[in-house]
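Coordinates in review
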Amino acid sequence: MMVRTVHGGDIYSKYDIGHNRRLIDFSANINPLGLPEGVKKAIFENIGQFSNYPDPVCRELAEKIALHENVPQDYIICGNGAADIIYRIAGALKPGNTLVTAPSFSEYEEAVRLEGGGIKYHYLSEARNFLVGRDILKALTPDIRLVFLCNPNNPTGKLTEKETVLELAGRCRDNNCTLVVDECFMDFLDDPHKYSVSDCLESFENVIVLKAFTKIYAMAGIRLGYALCSCKELLERLKISGQPWGVSAVAQICGVAALDEHAYISRTKKLVRRNREYLLQELDKLGYKVFDSAANYILFKTENRNLHKELLKYGILARSCNNYAGLDEKYIRVAVKLEQDNQYLIGCLQELEAARGK
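First, a word on what this report is: a plain description of the structure on this page. This is a predicted model, so every value here is computed, not measured. (Residues numbered from 1 in each chain as written. Predicted model: local features only at pLDDT ≥ 70, side-chain atom pairs only at ≥ 80, totals over all residues. Heavy atoms only, no water.)

Describing the pairing of strand β7 (residues 207-212)
The buried fraction of β7 is high, at six of six residues. The two faces of β7 match: V207, V209 and K211 on one face and I208, L210 and A212 on the other face are all buried. When strand β6 (residues 178-182) meets β7, the two strands line up parallel, connected through four bridges. Its bridge partner being in β7, V180 is matched across the sheet by I208. (Buried < 20%, exposed > 50% of the residue type's maximum accessible area, 1.4 Å probe, protein only. Helix = DSSP H or I, 4+ residues; strand = E, 2+ residues; numbered from the N terminus. Pairing = 2+ DSSP bridges.)

Okay, structure coming up:
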């Protein structure tokens, strides 16, 4: 059976790797602390409700998100992960020509192409560490009707300055163009408000901010994301472009519980910061070209195009970036995980590099 696997996290096809003592997934950028205890408790305590249809408009969850994001409740639409909302956006807008940075999350272009739209790439320069600068404004030609910007970017982990995002938002507004800012990894930052544009939505009806519970709350298998937008007409179009019950009852209950996990978020940020620094230093010592990251993953470059395959014999799944526009097999993305897992990864890489040097 043919299976489309263009992202990390495909542990299911790797269980049969020979001689594996364990399987460690560095290909998916999930919170290494795992599912919060409050979320686990909520699942068990509400299990009797799962025979009912879910609330189609996620009232309790939307109310909780509104408090969490400090936005009006009618700015919010929830979905089956952020990917669901990306496809809703493409389906609702049928935008034609769309601008995306390269490299970046591939689902943007996949969704647009599904609706018959064309993609224009704004290639990010490795010499400039893949940073998004004001030069993106020149790429916004009059034919562009939709722009996707991931901040911090996936797979580079690089941040775009808030002033640049807002200038782009203004330019898009002048061009009758919608800007989607994917902030799914923003909550891993120590000060997300310094970069997030969610507090500026009242001034920009053409901006949609994407968020998800997937990464920060380790809820990838539960599937829950949401979008923030101040344009009621646009939100209505997004709602009718998806199925009536797009968010399951269990996902809604988990989302409500997750937003109370303040200590969990604090511990996450400290853990990711410490372990990210360790990986950055150790990968650099091994001679790889390492790109500094603000997120819970790291991009590095190696001359060994088979490195991600060679790691499989150790039971390690690393994300080859060969299907990112602008990258190839030389680029590897690894998640920041628990200390012992990170040490195991570095130990395996040291062994592989030592064997290559013989």
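Side note on the pairing of strand β3 (residues 97-102)
The buried fraction of β3 amounts to five of the six residues, a majority that puts the element mostly inside the structure. The pairing of β3 with strand β4 (residues 118-123) spans six bridges and is parallel. Bridged to N97 within β4 is G118. In the sheet, β3 pairs with strand β5 (residues 146-150) via three bridges, with the strands oriented parallel. Looking at β5, one finds that T98 is bridged to L146.

Points about the pattern of salt bridges
If the charged atoms of two oppositely charged side chains come close together, the side chains can form a pair. The full count for this structure, using the stated rule, is 22 salt bridges. E115 is the salt-bridge partner of K94, the closest N and O atoms lying 3.2 Å from each other. On the criterion of sequence distance, the pair formed by K94 in the loop between α3 (82-93) and β3 and E115 in the loop between α4 (107-114) and β4 is long-range, its members being 21 residues apart. Residue classification places K94 among the exposed positions, given a relative accessible area of 52%. Overall, E115 belongs to the partly exposed group, its relative accessible area being 30%. Here D187 makes a salt bridge to K211, at a shortest N to O gap of 3.8 Å. In this pair, D187 sits in the loop between β6 and β7 while K211 sits in strand β7, placing the two residues 24 residues apart along the sequence. Accessibility assignment for this pair places D187 and K211 in one class, buried. Each of the salt bridges in this network shares a partner with another, and the network as a whole consists of E69, D187 and K211. (Salt bridge = Lys/Arg side-chain N within 4 Å of Asp/Glu carboxyl O.)

Some remarks on the sheet that holds β4
Sheet architecture is open: seven strands sit in the order β2-β8-β7-β6-β5-β3-β4, paired in mixed fashion. Edge positions in the sheet fall to β2 (76-79) and β4, since each of these pairs with one other strand and no more. Across this sheet, the average inter-strand angle for adjacent strands is 20 degrees, counted without regard to direction. The sheet contact formed by β7 and strand β8 (residues 225-228) spans four bridges and is antiparallel. Bridge assignment links L210 to a residue of β8, and that residue is A227. Lying on the sheet, α3 is in contact with β2, β5, β6, β7 and β8; it crosses β7 at an angle near 155 degrees. Lying on the sheet, helix α6 (residues 162-174) is in contact with β5, β6 and β7; it crosses β6 at an angle near 155 degrees. (Axes fitted to C-alpha atoms, helices over the stretch in contact; angles between N-to-C directions. Contact = heavy atoms within 4.5 Å.)

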